[in-house]
Amino acid sequence: RTDGPVPSWFESWLAAEETAAMLKYWSPLIITPIFQTAGYARALLLAAQTDTSDDAIDALVAAKLARAAILDRADPPDVIALIDEHALYRLIGSPEVMNEQLLHVADLAERPYVCVQVVPMTVGATAGLGGDINLASSDGTPDALHTDAIPEGHTTESRAHVRQATVV
């Protein structure tokens with residue numbers, strides 16, 4: 001879909017995420033996107049988009065926040081989010097935006113189906129420092145892997161790639 005806020009290359013990941021029974025996220029630079037507040041998402045999008053008009057950013061923020069609806073449904077997926085400690089200290093937006101964002105992550109971590117783990121700064125180099133790794137598992141369908149990149153991310157169901165990303 002090229003006329004909306006969601007690029008066509010991302011739609012296969014959104015479908016996998018929407019139907020997943022288990023989601024695993026590794027985020028070494030920012031707060032896991034599905035956990036982001038509007039203020040945090042807006043600050044990130046303003047830094048990354050060429051069209052920073054209010055309408056364009058509002059549409060992107062709304063699309064990003066819509067993803068989090070799966071966390072509030074009657075039968076939500078189990079979620080494991082690994083967040084690098086650096087991401088908790090990186091000032092995105094303002095101190096108020098960061099405070100709201102960190103409180104939101106803490107609230108989500110209280111849910112019985114959400115596990116948030118922080119990788120301490122003292123760990124140093126890890127195999128996952130190459131970027132975000134998002135894994136979706138569902139009953140009866142192949143696991144999906146999504147990795148972000150510029151100019152676009154990549155989603156695959158390749159067993160070898162999913163396995164390698166799981167190990168990382």
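Residues numbered from 1 in each chain as written. Predicted model: local features only at pLDDT ≥ 70, side-chain atom pairs only at ≥ 80, totals over all residues. Heavy atoms only, no water.

Enquirer: Outline the pairing of strand S1 (residues 22-27), listing residues and values.
Expert: Bridge analysis of S1 against strand S2 (residues 78-84) gives six bridges, and the strand direction is parallel. The residue of S2 that forms the bridge with Trp-26 is Leu-82. Note that S1 and strand S4 (residues 133-138) share five bridges and pair antiparallel. Bridge pairing links Trp-26 to Ile-133 in S4. (Pairing = 2+ DSSP bridges. Helix = DSSP H or I, 4+ residues; strand = E, 2+ residues; numbered from the N terminus.)

Enquirer: So what's going on with the sheet that holds strand S5 (residues 141-147)? Residues and values would help.
Expert: Ordered by their spatial adjacency, six strands build an open sheet running S3-S2-S1-S4-S5-S6, and the pairing between neighbours is mixed. Where the open sheet ends on each side, the last strands, each with one partner, are strand S3 (114-119) and strand S6 (154-156). Along the sheet, successive strands turn relative to each other by an average axial angle of 10°, direction set aside. Docked against the sheet, helix H6 (residues 159-167) engages S4, S5 and S6, running at close to 60° with respect to S5. (Axes fitted to C-alpha atoms, helices over the stretch in contact; angles between N-to-C directions. Contact = heavy atoms within 4.5 Å.)

Enquirer: Describe the nonpolar core, and please don't skip the residues or the numbers.
Expert: The tendency in soluble globular proteins is for nonpolar side chains to be buried as a group. Counting 28 residues, the largest nonpolar core has Trp-13, Leu-23, Phe-35, Tyr-40, Leu-71, Val-79 and Ala-136 as the members making the most contacts within it. Of all the elements in the fold, those that place two or more residues in this core are helix H1 (11-19), S1, helix H2 (38-48), S2 and helix H5 (95-109). Of the residues forming this core, the biggest block, four residues, is contributed by H5. Those residues within four positions of Trp-13 in sequence are excluded, and the remaining contacts are Leu-23, Tyr-25, Arg-67, Asn-134, Leu-135, Ala-136, Ala-144, Leu-145, His-146 and Thr-155. (Core = buried A, V, L, I, M, F, W, Y, C linked by side-chain atoms within 4.5 Å. Buried < 20%, exposed > 50% of the residue type's maximum accessible area, 1.4 Å probe, protein only.)

Enquirer: Just give me the short version of the side chain of Asn-134, but keep the residues and values in it.
Expert: Considering the arrangement of structural elements, one finds Asn-134 in strand S4. Relative accessible area serves as the criterion here: at 5%, Asn-134 is assigned to the buried category. In this structure, Asn-134 is in contact with Trp-13, Lys-24, Tyr-25, Ala-144, Leu-145, His-146 and Asp-148, ignoring residues within four places of it in sequence.

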